[in-house]
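Residues per chain are reported as follows:
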Amino acid sequence: MPQRLCAIYRVRADARAIEVRANEIAIEQSVEMPLAAVDEAFVRADIVGRVETIEAVGAGLFDVRIALATATVGADPGQFLNMLFGNTHTVSGVERW
């Protein structure tokens with residue numbers, strides 16, 4: 001099993017939509033493309049981010065814990081920051097990481 005690092009994102013969402021939002025963040029932070037376009041079994045199994053937990057923390061707020069593959073970071077500090085923050089900081093409703 002590949003090693004993973006975990007990031008927690010605070011997300012504002014409707015309770016009915018939080019699972020979809022969490023999965024969108026996991027995919028964006030890991031492969032940055034629609035999951036349907038990922039046809040490599042290795043990438044789907046070992047690289048695509050995984051939602052580990054979703055915890056309600058207030059009215060319409062959730063802490064989403066996502067596991068990201070360390071293989072995508074290597075020894076590059078810049079890539080480490082990109083994996084944690086990436087494009088998610090531009091997504092509406094992400095309150096903090």
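Residues numbered from 1 in each chain as written. Predicted model: local features only at pLDDT ≥ 70, side-chain atom pairs only at ≥ 80, totals over all residues. Heavy atoms only, no water.

Draft legend 1. Here's a closer look at unusual backbone geometry. Positive phi outside glycine occurs at E32, with the angle close to 55°. With respect to the helices, strands and loops of the structure, E32 is situated in the loop between α1 (18–30) and α2 (41–47). The class for E32 is partly exposed, based on a relative accessible area of 45%. (Helix = DSSP H or I, 4+ residues; strand = E, 2+ residues; numbered from the N terminus. Buried < 20%, exposed > 50% of the residue type's maximum accessible area, 1.4 Å probe, protein only.)

Draft legend 2. Structural context of the confidence of the model for the protein chain. When pLDDT is averaged across the protein chain, the result is 89; 93% of the residues are at 70 or more. Here strand β4 (residues 94–96) stands out as the least confident element of the protein chain, with mean pLDDT 69; strand β2 (residues 50–58) is the most confident, with 97. (pLDDT = per-residue confidence, 0-100.)

Draft legend 3. Quick peek at a nonpolar patch on the surface. A cluster of nonpolar side chains, namely F80, L81 and F85, defines an oily patch on the protein surface of about 270 Å² accessible area. Note that F80 resides in helix α3 (residues 77–85). (Patch = residues over 30% accessible without salt bridge, like charges linked within 9 Å, V, L, I, M, F, W, Y side chains within 5 Å. Areas by Shrake-Rupley, 256 points an atom, 1.4 Å probe, with all protein chains shown as cover. Salt bridge = Lys/Arg side-chain N within 4 Å of Asp/Glu carboxyl O.)

Draft legend 4. Geometry of α1. The end-to-end C-alpha distance of α1, which contains 13 residues, comes to 18 Å, matching closely the 18 Å that a straight helix rising 1.5 Å per residue would cover. Following α1 by one or two positions, E32 adopts a phi angle in the positive range, close to 55°. (Expected span 1.5 Å × (residues − 1).)

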